[in-house]
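Structural overview
Spelled out from the first residue to the last, the chains are:
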Amino acid sequence: GQVNGSASFLHNSGVSLTLAAGEQDSGDLDPNFVYGKLGYQNRWFDAGKTAFSADYHVANHAQVRSDKAKSVGVQMVQNVDNWATELYVGYRNYDLERAGENLDEVDAVMAGARIKF
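Structure report, in brief. These numbers come from a predicted model, not from an experiment.

The next point concerns the overall build of the protein chain. Per the secondary structure count, the protein chain includes 0 helices and 7 strands. For the protein chain, the sequential pattern of α-helices and β-strands runs β-β-β-β-β-β-β. Here the C-alpha atoms of the protein chain give a radius of gyration of 18 Å, more than 25% beyond the 13 Å that 2.2 N^0.38 yields for 117 residues. In terms of its C-alpha atoms, the protein chain occupies a principal-axis envelope of roughly 55 × 30 × 25 Å. Each of the 117 residues in the protein chain was classed as buried or not, and the buried ones make up 23%. In the protein chain, once contacts between residues fewer than 6 apart in sequence are set aside, the share between residues at least 24 apart is 36%. Of the roughly 8,200 Å² that the protein chain leaves accessible, carbon and sulfur atoms contribute 57%. For the protein chain, the separation between the mean place of its 10 positive charges and that of its 15 negative charges on side chains is 9 Å.

Strand order in the open sheet made by the 7 strands is β1-β2-β3-β4-β5-β6-β7, with antiparallel pairing throughout. With one partner strand each, in any of the chains shown, β1 (2-10) and β7 (106-115) form the two edges of the open sheet. The mean angle between the axes of side-by-side strands here comes to 10°, regardless of whether they run parallel or antiparallel. Judged from the 12 bridges that link them, strand β3 (residues 32-45) and strand β4 (residues 48-60) form a sheet pairing that is antiparallel. Bridging from a neighbouring strand, glutamine 41 pairs with alanine 51 of β4.

Below, the discussion takes up a nonpolar patch on the surface. On the surface, a cluster of nonpolar side chains totalling about 880 Å² of accessible area is made up of Phe9, Val15, Leu17, Leu19, Leu38, Tyr40, Trp44, Phe45 and Phe52. When residues of the nonpolar patch are traced back to their parent elements, those giving at least two are β2 (15-24) and β3. Within the secondary structure, leucine 38 sits in strand β3. Its relative accessible area of 51% is what places leucine 38 among the exposed residues.

For side chains bearing opposite charge, pairing can occur when the charged atoms are close. According to the stated counting rule, one finds 6 salt bridges in the structure shown. Residue arginine 43 pairs with aspartate 81 through a salt bridge whose shortest N-O separation is 3.2 Å. Here the residue arginine 43 occupies a position in strand β3, and aspartate 81 occupies one in the loop between β5 (68-80) and β6 (85-97), the gap between them amounting to 38 residues. Assessed through its relative accessible area of 42%, aspartate 81 is described here as partly exposed. A salt bridge links lysine 116 to glutamate 86; the shortest N-O distance between them is 3.4 Å. Taken together, the residues lysine 116 in the segment after β7 and glutamate 86 in strand β6 connect sequence positions 30 residues apart. You can call lysine 116 partly exposed: its relative accessible area is 45%.

Rules behind the numbers
Residues numbered from 1 in each chain as written. Predicted model: local features only at pLDDT ≥ 70, side-chain atom pairs only at ≥ 80, totals over all residues. Heavy atoms only, no water. Helix = DSSP H or I, 4+ residues; strand = E, 2+ residues; numbered from the N terminus. Rg over C-alpha atoms; globule rule 2.2 N^0.38 Å. Buried < 20%, exposed > 50% of the residue type's maximum accessible area, 1.4 Å probe, protein only. Contact = heavy atoms within 4.5 Å. Areas by Shrake-Rupley, 256 points an atom, 1.4 Å probe, with all protein chains shown as cover. Lys, Arg positive; Asp, Glu negative; His and termini not counted. Charge placed at Lys NZ, Arg CZ, Asp CG, Glu CD. Pairing = 2+ DSSP bridges. Axes fitted to C-alpha atoms, helices over the stretch in contact; angles between N-to-C directions. Patch = residues over 30% accessible without salt bridge, like charges linked within 9 Å, V, L, I, M, F, W, Y side chains within 5 Å. Salt bridge = Lys/Arg side-chain N within 4 Å of Asp/Glu carboxyl O.

Dropping the structure here:
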């Protein structure tokens with residue numbers, strides 16, 4: 001069987017919180033994960049809201065029983081209301097520990113735009 005759940009909250013102050021967790025009873029691996037994200041959004045510029053967030057994710061036993069994966073990220077989104085556009089930038093670090101292997105961490109940076117039409 002598998003059980004997953006998540007909840008997100010946005011307070012009037014602009015503070016947001018997301019929590020998620022799950023696990024699967026698969027016999028050999030029994031993978032599970034926990035995720036949390038804290039955010040804040042405000043309208044500092046006339047163009048639109050600006051949102052910042054940081055998140056943390058841990059997953060165990062995903063492909064090999066000894067797997068322990070961690071990910072941490074920070075993100076920023078700037079809304080440009082007149083253009084129906086969101087400009088975003090983010091950084092994420094991925095770390096996988098696996099018994100008997102020497103794996104390097106991975107850093108990723110992404111940036112872009114989403115246009116709604």
